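Spelled out, the chains give:
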Amino acid sequence: MPVASPFVIVLTPAEEAELLARVRGGRIEHRDRVRAQIVLAAAAGGSNAAIAADLGLCVDTARRWRCRFAAGRLGGLADRPRSGRPRRFTAVQVAAITALACALPAETGIPLSRWSSTELATEAVARGVVSAISGSTVRRWLARAAIKPWQHRSWIFPRDPDFESKAARALDLYARTWEGAPLGPHDYVISADEKSQLQALRRRHPGRPPGPGHTRHVEFEYRRGGTLAYFAAYDVHHARVIGTIAPKTGIEPFTELVAKVMTTEPHASARRVFWIVDNGSSHAGQASIDRMATAWPTATLVHLPIHASWLNQVEIYFSILQRKAITPVDFADLDALAERILAFQDRYNSNATPFDWTFTRTDLRALLDQIDPPPTYQPLPAAA
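Just so we're clear, the structure is a prediction, and the values are computed from it rather than from any experiment.

J.: Any chance you could break down the overall build of the chain for me, citing the residues and the numbers?
T.: Along its length, the chain carries 13 helices and seven strands. A compact globule built from 384 residues should have a C-alpha radius of gyration of about 21 Å, whereas the chain, at 35 Å, is more than 25% larger. Expressed along its principal axes, the backbone C-alpha trace of the chain runs to roughly 110 × 55 × 55 Å. A burial count over the chain gives 36% of its 384 residues as buried. Considering only contacts within the chain whose residues lie at least 6 apart along the sequence, 64% involve residues at least 24 apart. Here the chain displays about 23,300 Å² of accessible surface, and carbon together with sulfur accounts for 55% of that area. Each charge class in the chain can be summarised by its mean position, and for the 47 positive and 37 negative side chains these summaries are 12 Å apart.

Here it is in structure tokens:
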């Protein structure tokens, strides 16, 4: 006869429901499921030997979790704290290696552009911080501190003192506002720029189309067929692109683009047409504003601040063009490249909708607050 356990288990409805949930749960760890099964079987009157036999366990295992539940209820089924392996490195050593990771290698005379976990481990040993350490240990420490010295991000300070006011004018136009007044139905906003140095590269061997089990193949070697420039004017609120092809960038081809847009309806009879441009040489400075006003009295050229081409919506269209129509580059000649660009422009105009532009003056102010230089910042002197 099996010996009855002195630990009689009587479950409350809440405890029984929780244990059943652990037994039936699909994402419950196996050890927690087994412990719940032991307690439920004990509550049903099973002996430790019988429970062990039914579940394929050692009798000591059944006895242990019955006793722990009797002493601590559901909390008794959790693992007890364990001391683990003694620490091999002190907090001072961890802090020293973390501080080393937060310094640029060149600042300490190391001929590296950035740290890797292996390089940090090697340098820590060379400096006598530790006698030996692996790169994986260093990586774990840095992961806990959310430090990744092998990565970097670029940034730039706005150097235009009127950056915010100039950028805000474009954002207002996107929101159909100019100088505090809403735009009318016969006012239009054009985002314009040029995509230069588009190459007609012809692959030395024909590519292979995709198929079951393999992706599209494109020959690596190519012959150069020259370059061209694509000038585009994007109607922000009507999602229509008007573009021209030119051998290179310059004032003359941009002027031709402006003429093409301003003589095409609805812009030809518009009350006002606002042209948002960056500071490229084709349309830079006060001279470009004067040329526009003289040639087209209903047109107003609005310059973005320097380093703000990302606020020009036509750049989004250029990205779509590059991804969908040009890459991977494989064109017989410049004529084929120009034909593809203009054909894609027509295709895009057939079903395009305006971009869901959400960046506002408020977002601009928040961004500038983040990147404003600290009071102690001193820019490097300009090169002689």
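J.: Hey, could you go over unusual backbone geometry for me, with residue numbers and the actual values?
T.: Excluding glycine, residues mostly have negative phi values, and the peptide bonds linking residues are mostly trans. Here the amide bond leading from Glu 265 into Pro 266 is cis, since omega sits at 5 degrees, within 30 degrees of zero. The omega torsion of the bond from Thr 327 to Pro 328 falls at -5 degrees, within 30 degrees of zero and hence cis. Its place among the elements puts Pro 328 in the loop between helix H11 (314-326) and helix H12 (334-351). In this structure, Arg 73 is a non-glycine residue whose phi angle is positive, near 55 degrees. Following the sequence through the fold, Arg 73 ends up in the loop between helix H4 (59-72) and helix H5 (91-101). One non-glycine residue, His 307, adopts positive backbone phi at about 65 degrees. With respect to the helices, strands and loops of the structure, His 307 is situated in the loop between strand S7 (299-303) and H11.

J.: Before we move on, can you summarise helix H7 (residues 135-144) with the specific residues and values?
T.: Residues Gly 135, Thr 137, Val 138, Trp 141 and Leu 142 constitute the buried set of H7. With its buried residues spanning 160 degrees around the axis, H7 presents them on a single face. Along H7, the residues that are exposed and aim more than 90 degrees away from the buried face are Ala 143 and Arg 144. Where the residues of H7 are buried, they touch H5 and helix H6 (117-126). A positive phi of about 55 degrees marks Ala 146, the residue just after H7.

J.: Just give me the short version of the environment of Tyr 234, but keep the residues and values in it.
T.: Along the chain, Tyr 234 turns up in strand S4 (residues 222-235). Each C-alpha atom, one on Tyr 234 and one on Asn 312, is 9.7 Å from the other, the two residues being 78 residues apart in sequence. Residues within four places of Tyr 234 in sequence aside, it is in contact with Val 189, Ile 190, Ser 191, Ala 239, Arg 240, Val 241, Gln 313, Val 314, Tyr 348, Thr 353, Pro 354 and Phe 355.

J.: Quick rundown of the sheet that holds strand S6 (residues 272-277)? Include the residues and the values.
T.: Sheet architecture is open: five strands sit in the order S5-S4-S3-S6-S7, paired in mixed fashion. Edge strands, defined here as strands with exactly one partner in the open sheet, are strand S5 (240-246) and S7. The average undirected angle you get between the axes of adjacent strands in this sheet is 30 degrees. Helix-sheet contacts for helix H9 (residues 251-262) involve strand S3 (187-203), S4, S5, S6 and S7, and the interaxial angle to S5 is about 145 degrees. Its contacts with the sheet put H12 on S3, S4 and S5, and the angle it makes with S4 is roughly 30 degrees.

J.: Describe the layout of surface pockets, naming the residues involved and giving the relevant values.
T.: The computed volume of the largest pocket comes to approximately 320 Å³. Around the largest pocket, the lining residues are Arg 85, Pro 86, Arg 87, Arg 88, Phe 89, Thr 90, Ala 91, Val 94, Thr 137, Arg 140, Trp 141 and Arg 144. If you list the elements that add at least two residues to the lining of the largest pocket, you get H5 and H7. Here the element with the most residues in the lining of the largest pocket is H7; it accounts for four residues.

J.: Describe the packing of aromatic side chains, with residues and values.
T.: Applying the stated rule across the entire model yields eleven aromatic pairs. Ring plane angle 85 degrees and centroid distance 5.2 Å describe the contact between Phe 89 and Trp 141, whose orientation is recorded as edge-to-face. With a gap of 52 residues between them, Phe 89 in the loop between H4 and H5 and Trp 141 in helix H7 connect regions that are remote in the sequence. In this structure, Phe 89 and Trp 141 share a single accessibility class: buried. Between Trp 178 and Phe 274, the ring centres sit 4.9 Å apart and the planes meet at 45 degrees, which makes this aromatic pair tilted. With a gap of 96 residues between them, Trp 178 in strand S1 (residues 177-178) and Phe 274 in strand S6 connect regions that are remote in the sequence. Linked through ring pairs, Tyr 230, Tyr 317, Phe 318, Phe 344 and Tyr 348 together constitute an aromatic cluster. Above the face of the Trp 65 ring, Arg 68 is positioned so that its terminal group lies 4.7 Å from the ring centre. Residue placement shows Arg 139 over the ring face of Trp 150; its charged tip is 4.4 Å from the ring centre.

J.: Explain H11 to me, using residue names and the numbers behind them.
T.: Val 314, Tyr 317, Phe 318, Ile 320, Leu 321, Ala 325 and Ile 326 are the residues of H11 that are buried. Looking straight down H11, one finds that the buried residues subtend no more than 160 degrees of arc, so they occupy a single side. Opposite its buried face, H11 presents the exposed residues Arg 323 and Lys 324, each directed more than 90 degrees away.

J.: Let's hear about the packing of H11 against H12: which residues, and what values?
T.: Following both chains from N to C, one finds H11 and H12 inclined at 115 degrees, their axes separated by 11 Å at the closest point. It follows that H11 is roughly perpendicular to H12 by the angle criterion. Crossing hand, H11 versus H12: right-handed. Seen from H11, the contacting residues are Tyr 317, Ile 320, Leu 321, Lys 324, Ala 325 and Ile 326; seen from H12, they are Arg 340, Ile 341, Phe 344, Gln 345 and Tyr 348. Of the residues that constitute the contact of H11 with H12, the class distribution is eight nonpolar, one polar and two charged.

Calculation rules
Once a new chain begins, its residue numbering starts again from 1 and follows that chain's sequence as written. Local features are withheld for residues below a pLDDT of 70 in this predicted model, meaning they are given only at 70 or higher, and side-chain atom pairs are given and counted only at 80 or more; totals for whole chains, interfaces and linings count all residues. Side-chain measures here rest on the full set of heavy atoms in the structure, leaving out hydrogens and waters. Strands are runs of DSSP state E lasting at least two residues, helices are runs of H or I lasting at least four, and both sets are numbered from the N terminus onward. Atoms considered for the radius of gyration are the C-alpha atoms alone. The globule rule reads 2.2 Å times the number of residues to the power 0.38. Here the term buried applies to any residue with accessible area under 20% of the maximum for its type, exposed to any over 50%, and partly exposed to those in between, with areas from a 1.4 Å probe on protein chains only. Two residues form a contact once any of their heavy atoms are found within 4.5 Å. Method for areas: the Shrake-Rupley scheme with a 1.4 Å probe, in which residue coverage is limited to the protein chains shown. Residues scored as charged are limited to Lys and Arg (positive) and Asp and Glu (negative), so that His and the chain ends carry no count. Note that the charge is assigned to NZ on lysines, CZ on arginines, CG on aspartates and CD on glutamates. An arc is given here, and it is the one of the directions from the helix axis to the C-beta atoms. Only strands joined by at least two bridges in the DSSP assignment are considered to pair. Axis definition: a line fitted to C-alpha atoms, limited for helices to the stretch in contact. Angles are taken between N-to-C directions and run from 0 to 180 degrees. Method remark: on a 1 Å grid restricted to protein atoms, a set of points is classed as a cavity if a 1.4 Å probe fits but cannot get out and as a pocket if it is open with protein on both sides within 12 Å along at least five of seven lines; lining residues have an atom within 4 Å of a point. Grid points are joined across faces, edges and corners, and a volume is the space filled by probe spheres set on the points. Aromatic pairs are defined between Phe, Tyr and Trp rings, using the six-membered ring for Trp, whenever the two ring centres lie within 6.5 Å; interplanar angles under 30 degrees are classed as stacked, those over 60 as edge-to-face, and all others as tilted. Each ring is checked for a lysine NZ or an arginine CZ that lies within 6 Å of its centre and within 35 degrees of its normal; such an atom marks a charge sitting over the ring. Note that the term roughly parallel is reserved for angles under 35 degrees, roughly antiparallel for angles over 145, roughly perpendicular for angles of 65 to 115, and oblique for everything else. Two helices crossing with the near one rotated counterclockwise from the far one by less than a right angle form a left-handed crossing, whereas a clockwise rotation gives a right-handed crossing. Residues were grouped as follows: Ala, Val, Leu, Ile, Met, Phe, Trp, Tyr, Cys and Pro as nonpolar; Asp, Glu, Lys and Arg as charged; and all remaining residues, including Gly, as polar.

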